[in-house]
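Examining the three-dimensional arrangement
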Amino acid sequence: MHSDLIIIGAGPGGYETALEAAARGLSVTLVNGGKLGGTCLNEGCIPTKCMVRDASVAMTLRDATEFCATEVKYDIDFNKVITRREGVVSQLRDGVAMLLKKAKVNVVDGMAKFKDSNIIEVDGQEYDAPHIIIATGSHSRTLPVPGADSEWVLDSTGILNLEFVPAELVVVGGGVIGMEFASVFAALGSKVTVIEYMKQILPPFDSDITKRLKQSLSKRGIEIITGAGVTRLEQNYEYKIDVTYTLKGEEHHKLCDNVLMAVGRGANVEGLGLENAGVAYSTKGIPVDDNMQTNVPGIYAVGDVNGKMMLAHAATAQGRRALNHILGESDNINFDIVPSAVFTIPECGMAGLTEEQCKERGMAIETGKSFYRANGKALAMGEADGYCKLIFAKESGLLIGAHIMGADAALLAQQCADLMSLGATRQRMRDIIFGHPTLSEIILVAAQS
Ligand code: FAD
Ligand code: NAD
């Protein structure tokens, strides 16, 4: 069967691009081996954010006596967490199916394999197109240590299948996935320990932010051990898991009921028959140019599979760039300004460069800082724990980085990304009228400071 465009994978890289390509007049075949919506909708962004909301409700109940309540008694019913989460996911998945049907995208259920650079095969059936976009996503990685492959070690998908809140949970890896689950399960009642290899949690985030987040989560009772390497995992006769790790050259142990392995994700490049099409790849992913084109003209790779930036909205934007290139159109997408957030409680949000990156690039910068505790709305909300750092280029005054920890940090980082995209300078930001009282004023005060 022939189409103008074949897309492999229906995550936010694949299905969003399929919808846009169809709206722009292309006939599209979308091949997907898993559930529509990919990792993001079924096992990533959406189910985890449902659980973040449950965690935040639990914390509100716990802290209610600081507000209007005298005493609040509550139990966590984890079945309700699961039921609500699955309901949201299936509602959204039905929505994706409906949109694809309406757009007349030819959705093929199955695993695609390249036969050559224009033909793919799915369950013995051939499909051909002059342009192919690979959007096959990524999978959880594990550690090459004894016990890491055991069925009682959970990855981010496995932990979503838990039917109870573990009494004691060890999270291996203090990255985005690890910290989000640590925050959720601590709020739902688990005793959580995070073991991170690097000196700080969330390595790509600004160290000013991660230090504060670590303090904040530690106050919530989460134990965070940094600079520690896990060397072995064993289950004892009482079904407790013994996690062995080394810290400053000494061996330590942590006993727990469940382990979440969250040490990064690897690109889905195996089994695609990339060699049949001559597409270069490695375990890090499929290398692409600025138009997301691989070494083979007409074949593109977007989203997690190219290893550039493992974020849902980055996958979608990369898909749009690939499509524009196919259609011979230009765009203004700036991949240097991708907002990202960690939905811990409190949240962290960032956009643009970190102070460390500016130093590495030898850039002259100025910073502006502000604190939630000095913001009227934050205090009214009972959310005094938070911090904002803005980075400006010294000479031009352009806003080039924003780093925020605190309530609604993801939204505030998005606001900064908008300002950055439109070329806002420190001076120009000071002239914008910010509504009062809002958390957004935290950005204004940082620009004024
Ligand atoms: P995917 O969403 O992984 O989709 C790939 C699809 O391709 C899948 O359906 C797969 O079955 C299919 N496929 C694979 N191989 C083949 C083949 N050979 N043939 C046919 N189909 C195939 N990002 C955010 O921006 N915000 C968040 O809050 C966030 N939270 C996350 C939480 C967790 C726990 C995880 C794991 C990830 C999270 N992410 C988040 C990351 C986000 O999910 C990914 O960046 C995003 O899903 C990548 O989209 P994609 O289209 O590249 O791939
Ligand atoms: P990650 O790369 O963010 O974090 C992995 C962590 O594991 C790192 O901090 C790393 O230092 C640590 N680590 C590696 N080896 C270790 C070892 N031997 N012992 C202890 N720690 C070790 O990866 P992730 O958390 O698995 O997430 C994967 C991707 O998913 C990320 O790139 C992220 O962009 C995406 N994601 C995004 C969101 C979001 O946007 N809110 C949420 C979840 C996931």
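Only a predicted model underlies this, so the values are computations on that prediction, with no experimental measurement involved.

For the structure shown, the criterion picks out three aromatic pairs. Measuring from centroid to centroid gives 6.3 Å for phenylalanine 181 and phenylalanine 185, while their planes differ by 25°, and the two rings are stacked. Of this pair, phenylalanine 181 and phenylalanine 185 both sit in helix 5 (residues 176-188), four residues apart, roughly one helical turn. A relative accessible area of 0% places phenylalanine 185 in the buried class. Pairing phenylalanine 371 with tyrosine 387 gives two aromatic rings, centres 5.3 Å apart and planes at 50°, and the pair type is tilted.

This brings us to the side chain of glutamate 347. Here glutamate 347 is to be found in the loop between strand 19 (340-342) and strand 20 (348-352). A polar contact of 2.9 Å, which involves the side chain of glutamate 347, links it to the backbone nitrogen of alanine 410.

Either a parallel or an antiparallel arrangement is found when strands of a sheet pair, and the pairing is made through backbone hydrogen bonds. Here we have five strands laid out as an open sheet, ordered 19-20-23-22-21, and antiparallel in their pairing. Edge positions in the sheet fall to strand 19 and strand 21 (365-371), since each of these pairs with one other strand and no more. Direction aside, neighbouring strands of the sheet carry axes that sit 15° apart on average. As paired elements, strand 22 (residues 387-393) and strand 23 (residues 399-405) share six bridges and run antiparallel to each other. By the bridge assignment, isoleucine 391 is partnered in strand 23 with glycine 401. Strands strand 20, strand 21, strand 22 and strand 23 of the sheet are contacted by helix 6 (residues 207-219), whose axis makes an angle of about 5° with strand 23.

In this section: the state of the cysteines. Per the stated rule, a full pass over the model turns up one disulfide. No disulfide involves cysteine 416; its nearest neighbouring cysteine sulfur is the one of cysteine 388, lying 5.9 Å away. Judged by relative accessible area, cysteine 416 falls into the buried class, the value being 0%.

This part is about the packing of helix 1 (residues 14-23) against helix 8 (residues 312-326). It is at 8 Å that the axes of helix 1 and helix 8 come closest, and there the two elements cross at 35°. At the point where helix 1 passes helix 8, the crossing takes the right-handed sense. Across the interface between the two elements, Glu16, Thr17, Glu20 and Ala21 from helix 1 touch Thr316, Gly319, Arg320 and Leu323 from helix 8. Taken together, the residues of the contact of helix 1 with helix 8 sort by class into two nonpolar, three polar and three charged.

In this section: the sheet that holds strand 1 (residues 5-8). Within the open sheet, the five strands sit side by side as 3-2-1-7-18. Their pairing is parallel. Both edges of this open sheet fall to strand 3 (106-109) and strand 18 (299-301), since each of them pairs with a single strand only. Between one strand axis and the next, the sheet turns by 20° as a mean value, whatever way the strands run. Inspection of the sheet shows strand 7 (residues 131-134) paired to strand 18 by three bridges, in the parallel sense. By the bridge assignment for strand 18, isoleucine 132 is matched with isoleucine 299. Against the sheet, helix 1 touches strand 1, strand 2 (28-32) and strand 7, its axis set at about 170° to strand 2.

Residues Val57, Leu61, Val72, Tyr74 and Ile76 make up a contiguous nonpolar surface patch of about 330 Å² in total accessible area. Note that valine 57 resides in helix 3 (residues 45-62).

In the neighbourhood of ligand 1, 39 residues make up the surrounding shell, with Gly13, Thr39, Lys49, Ala112 and Asp304 lying closest. One nitrogen or oxygen atom from the main chain of methionine 310 is found 3.4 Å from an oxygen atom belonging to ligand 1. Residue alanine 312 places a main-chain N or O atom 2.9 Å away from an oxygen atom belonging to ligand 1. Protein burial of ligand 1: of its 1000 Å² of free accessible surface, 91% is covered by the chains. Contributions of two or more residues to the shell around ligand 1 are made by strand 2, helix 2 (38-42), helix 3 and helix 8.

This part is about the environment of valine 269. Among the secondary structure elements, valine 269 is positioned in the loop between strand 17 (265-267) and helix 7 (274-277). C-alpha of valine 269 to C-alpha of tryptophan 152: the two residues are 117 residues apart in sequence and 26 Å apart in space.

Moving on: unusual backbone geometry. A cis geometry characterises the amide bond from isoleucine 345 onward to proline 346, with omega recorded as 5°. Along the chain, the position of proline 346 falls in the loop between strand 19 and strand 20. Even without being glycine, tyrosine 239 reaches a positive phi, approximately 65°. With respect to the helices and strands, the residue tyrosine 239 is situated in the loop between strand 13 (228-235) and strand 14 (241-247). Classification of tyrosine 239 as exposed rests on a relative accessible area of 63%. Notably, methionine 292 is not glycine yet its phi reads approximately 70°, a positive angle. Locating methionine 292 in the fold gives a position in the loop between helix 7 and strand 18.

Parameters and conventions
Residues numbered from 1 in each chain as written. Chains lettered and ligands numbered in written order. Predicted model: local features only at pLDDT ≥ 70, side-chain atom pairs only at ≥ 80, totals over all residues. Heavy atoms only, no water. Phe/Tyr/Trp six-rings, centres within 6.5 Å; stacked < 30°, edge-to-face > 60°. Helix = DSSP H or I, 4+ residues; strand = E, 2+ residues; numbered from the N terminus. Buried < 20%, exposed > 50% of the residue type's maximum accessible area, 1.4 Å probe, protein only. Polar contact = N/O pair within 3.5 Å; in protein donor to acceptor, adjacent residues only side chain to side chain. Pairing = 2+ DSSP bridges. Axes fitted to C-alpha atoms, helices over the stretch in contact; angles between N-to-C directions. Contact = heavy atoms within 4.5 Å. Disulfide = S-S within 2.5 Å. Left-handed = near helix turned anticlockwise from the far one by under 90°. Nonpolar A, V, L, I, M, F, W, Y, C, P; charged D, E, K, R; others polar. Patch = residues over 30% accessible without salt bridge, like charges linked within 9 Å, V, L, I, M, F, W, Y side chains within 5 Å. Areas by Shrake-Rupley, 256 points an atom, 1.4 Å probe, with all protein chains shown as cover. Salt bridge = Lys/Arg side-chain N within 4 Å of Asp/Glu carboxyl O. Near = heavy atom within 4 Å.

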